Amino acid sequence: MIETTPTVFVVDDDPSVGRAIKRLVESVGLQVAHFGSAQEFLRSERPDAPSCLVLDVRLPGVSGLDFQHELAEANIRIPIVFVTAHGDIQMTVRAMKAGAVEFLTKPFRDQDLLDAVQVALERDRARRQREAGIATLRDRYESLSAREREVVAMVVSANSTSRLRRRLEPRKIL
Amino acid sequence: MTGSYDYGEVTRSIMIAVAASYAALDLAGRVAAARGRTRAAWLTSGAIAMGIGIWAMHFKGMIAFQLPVSVEYHWPTVLASLSVAILASAVALYATSRQKMRPVEALTGSVIMGSGIAGMHYIGIAAMRLPAVTHFSLLLVTFSILLAILFSLVALLLAFDLREENKGTALRKIGSAVVMGTAISAMHYTGMAAASFVPSAVPLNLSHAMGISPLGSYGIAIVTFLVLGAAILTSSVDRRADVTVRQINRDLEHQVVERTTQLGATNEKLRREIAERERADEALRQSEDGLRLVIDTIPALVWSKLPDGSADFLNQRFREYTGLSVEEGLGEGWLRAIHPEDPASSFDGWRAAFAAGKPFEFEARLRRADGEYRWFLFRGEPLRDEAGRIVKWYGTTTDIEDRKQAEWVLQEAQAGLAHVTRLTTMGELVGAIAHEVNQPIAAIVTNANFCLRQLASATPHPDKLREAISEIVNDGTRASAVISRIRALLQKGTPKRVAVDINQIIQEVAILLRNELARNHVSLRMDLGSDLPRVGGDGVLLQQVLINLIMNGIEAVSSIVRGVRELAIKSSRDHNNEVSIQVKDSGSGFDPQQAEHIFEPFFTTKPEGIGMGLSISRSIVESHGGRLWAESGPTGALFQVTLPAYGRGVP
């Protein structure tokens, strides 16, 4: 499986902050796309590659935390790294419980952000592989005949080969 | 030997008989009307008169019988006959004077009377002394006795019938007397006829005998008439007197009956009045009981006091609540139930209220029987007489503890709200500042880190470095601009410019913070100038400044353990026609070198402070064209605000 270039999506309404994050993350060889709002991000074409989201909590319109919830509802499972100018414990707990990778307070240490982005991308990569594996299995399963599927079910449910043999005996397989 | 009758004497004898009969009938009435001794006297004298009358008639009848020989009379026998006549008369009178006369009594009476008269007749004949032997015809004797009895019966019945004194009885009485007299005469002459005299030569025993001369005969008649007349006259007088007495008696009785009736009526009226009065009393009592019940059960303590203020009535609820007995509570005793710290616990306060003579009301704590104090509202109302003098004070004392509690809760809520408002306003402000400033700082830090990384790498990109550094410069400028913008916002963000009464704002703030002051046991002294000009500005912002200063003051003095926790607010007009407000606390003050630092943002000496209060306050005051500064003296900190009068010096 060929690894495509991972992409980091940055959603921050402050263009200056957005550009700074983009510059920093690009400097470690990652592809970065910056959006000023959640809506812009949703409208964008996202490449089929491992990706993560660096999300500001305070956004125009819907807040970062609510947006996290919306993404989960829409089954868009992209790992999220939160950044905020002023966060509190309650906010952090809520974000982490909902599956955020990290919750960073501005101004953050550059390495903290980069580490969080790496963790997020790794998590997404793993997810993608898991999903790809399942897709391959599904494709193979789809290629089986009806009888083959029955046998697969028997193989899965039977707890010994002798019992499996007994159950398959009356008929030829092929 | 035959005799002849002298008819003159016969006539006289009959007249005597009629007169005696009349007397008898008359006397029977008298005897019947009399009682006791009078009755006995009447009976005796009547019997004598009647007896004499009968006897006289008889004797006259004998005298009327003339024999050819001289006749003398043995007088003791004559007296005996007279006695018998009197006795018979007595029996007759007795019989007829009884209240009732039954047939047996009438018959017995008539037999006795008739026998008596017959006895008298024949005894009388036996008294005759004449030279002859007397023979009696048995038939005629019997007949005469029966006649006597019959006559007696008729006489008794007539007498009994006529004894009542009625009008018109006089004629009947005379008629009856004539009949009776005639009957007596008839009996007599029958008796005479029964006797026949045969001449004999036997010598006469003439001892005790005497002859009757014509003069004596007349004398007997005259005496008899006199006796009978006297008897009738006496009877008549007595009867008349009796009639008068009876009349008087009847009148009296009538009057008595009338009076009794009147008295009865009066009595009845009186009884009705008494019953009416009793009903009214009962109604009054019930009404009083009802009123007392109302006074004892209404949900308030009720009392009445004399003009000098001493209690003369406390209702049951009052006594039950305070646990004071009637004796303990009356007079000035009820004062003991009032909390000693309340002004109402001293009698002087009450005296002043009573002396003022106007309805009053005030609040005080009243001790319950179990020792707990609750707040009560005392209200009094004077009762005046026609001259306007106060006769009594009436009042109620109502439990307002719950209301008080609610008031406190409300005050606390208000103060809390003021506090929260202040904190939220500041918090939001701080949050906004933090976010606004944090964004460029975050960008700067990130870009700077990028630069460091570039410089550390083997192949740094100068273009990218320049780009990042110029962004750092831009963001630095931006951060500074944010701060300026906030300051500008505070300075220019007061679109409201109206005339504001500073004293009113101070008073509002004092009310808002009343509970905060009380909670920290801080007393607030206010000295508000009376001639202040109004200032132009936003009342809410100025209120925030004062809240800030007072809250700072409260915090400054709340650490004082011993000593006065006091805040003083003074408003005055200064020489520039500016309004000056001073907030002074009794705390330990601050280091004079810090006098200006305390107004810098984020400068704080308090562990939980954020150091924005005074900074913002100064911004607000300056935006109103005024000044805010602080001084620290030996007796605590003094914060001073000056604000220009409205319409002058506002930038």
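Just so it is clear, the structure is predicted and the values come from calculations on it, not from any experiment.

S.K.: Looking at this model, I keep getting lost on the overall build of chain B. Mind explaining?
M.R.: A tally of helices and strands in chain B yields 16 helices and 19 strands. Look at the contacts in chain B between residues 6 or more apart in sequence, and 73% of them connect residues 24 or more apart.

S.K.: Would you explain the environment of A:V101 in this entry?
M.R.: Residues and elements named next belong to chain A. Looking at the element boundaries, V101 is found in the loop between helix 4 (89-97) and strand 5 (102-105). Its 23 C-beta neighbours within 10 Å are what place V101 among the buried residues. Each C-alpha atom of the pair V101 and V119 lies 7.4 Å from the other, and the pair is 18 residues apart in sequence. Among residues more than four places away in sequence, those in contact with V101 are P79, I80, V81, A116, V119, A120 and R123.

S.K.: Explanation requested: the interface of chain A and chain B in the structure shown.
M.R.: Frequently, the measure chosen for interface size is the accessible area removed from exposure when the parts meet. On the chain B side, the residues contacting the 15 residues of chain A number 21 residues. In terms of residue count, helix 1 (residues 15-26) of chain A provides more of the side of chain A that touches chain B than any other element does, 7 residues in total. Of the residues belonging to the side of chain A that touches chain B, the class tally is 6 nonpolar, 3 polar and 6 charged.

S.K.: Sorry if this is basic, but what is going on with the sheet that holds strand 9 (residues 311-314) of chain B here?
M.R.: In sheet architecture, strand pairing relies on hydrogen bonds along the backbone and comes in two forms, parallel and antiparallel. Residues and elements named next belong to chain B. An order of 9-8-12-11-10 is seen for the 5 strands of this open sheet, with the pairing classed as antiparallel. At either end of the open sheet lies a strand with only one pairing partner, and these are strand 9 and strand 10 (360-367). Neighbour-to-neighbour, the strand axes of the sheet open up by a mean angle of 25°, direction not taken into account. Where strand 10 lies against strand 11 (residues 373-384), 8 bridges are found, and the strand directions are antiparallel. Each bridged residue has a counterpart across the sheet, and for R365 the counterpart in strand 11 is W375.

S.K.: Help me understand the sheet that holds strand 17 (residues 578-585) of chain B in this model?
M.R.: Residues and elements named next belong to chain B. Spatial strand order, 14-16-17-19-18: 5 strands in an open sheet with mixed pairing. Edge positions in the open sheet fall to strand 14 (523-528) and strand 18 (627-633), since each of these has one partner strand only. Going from strand to strand, the sheet's axes swing by 15° on average, the running direction of each strand aside. Pairing analysis gives 7 bridges linking strand 17 to strand 19 (residues 636-644), with the strands arranged antiparallel. If you follow Q582 over to strand 19, its bridge partner there is Q640.

S.K.: I would appreciate a short explanation of the nonpolar core in the present structure.
M.R.: Here is a general trend for soluble globular proteins: nonpolar side chains tend to be buried in one another's company. In this structure, B:A20, B:A23, B:A24 and B:L27 are the most contacted members of the largest nonpolar core, which totals 74 residues. For this core, the secondary-structure elements that each account for two or more residues are helix 1 (7-33), helix 2 (36-64), helix 3 (75-97), helix 4 (103-126), helix 5 (138-162), helix 6 (169-194), strand 6 (195-199) and helix 7 (214-297) of chain B. Top contributing element to this core by residue count: helix 1 of chain B, with 15 residues. In this structure B:L27 touches B:W42, B:G46, B:A49, B:M50, B:L93, B:A231 and B:S235, once residues within four positions along its chain are discounted. Counting residues in each nonpolar core, the second largest holds 43 residues, with A:V54, A:L71, A:V83 and A:V117 among its members.

S.K.: Would you explain the packing of helix 4 of chain B against helix 5 of chain B in this entry?
M.R.: Packed helices, taken two at a time, are described by the angle their axes make and the gap between the axes. Residue and element names in this part refer to chain B. Interaxial distance between helix 4 and helix 5 falls to 7 Å at its minimum, and their mutual angle equals 130°. In this view, helix 4 runs oblique relative to helix 5, as classed from their interaxial angle. With respect to the hand of their crossing, helix 4 and helix 5 are arranged in right-handed fashion. Contacts between helix 4 and helix 5 pair A106, G109, S110, V111, M113, G114, S115, I117 and A118 from the former with S144, I145, A148, I149, F151, S152, L153, L156 and L157 from the latter. Classifying every residue of the contact of helix 4 with helix 5 by side-chain character gives 12 nonpolar, 6 polar and no charged.

About the thresholds
Residues numbered from 1 in each chain as written. Chains lettered and ligands numbered in written order. Predicted model: local features only at pLDDT ≥ 70, side-chain atom pairs only at ≥ 80, totals over all residues. Helix = DSSP H or I, 4+ residues; strand = E, 2+ residues; numbered from the N terminus. Contact = placed C-beta atoms within 7 Å. Buried ≥ 20, exposed ≤ 12 C-beta atoms within 10 Å, placed from the backbone. Nonpolar A, V, L, I, M, F, W, Y, C, P; charged D, E, K, R; others polar. Pairing = 2+ DSSP bridges. Axes fitted to C-alpha atoms, helices over the stretch in contact; angles between N-to-C directions. Core = buried A, V, L, I, M, F, W, Y, C linked by C-beta atoms within 7 Å. Parallel < 35°, antiparallel > 145°, perpendicular 65-115°, else oblique. Left-handed = near helix turned anticlockwise from the far one by under 90°.

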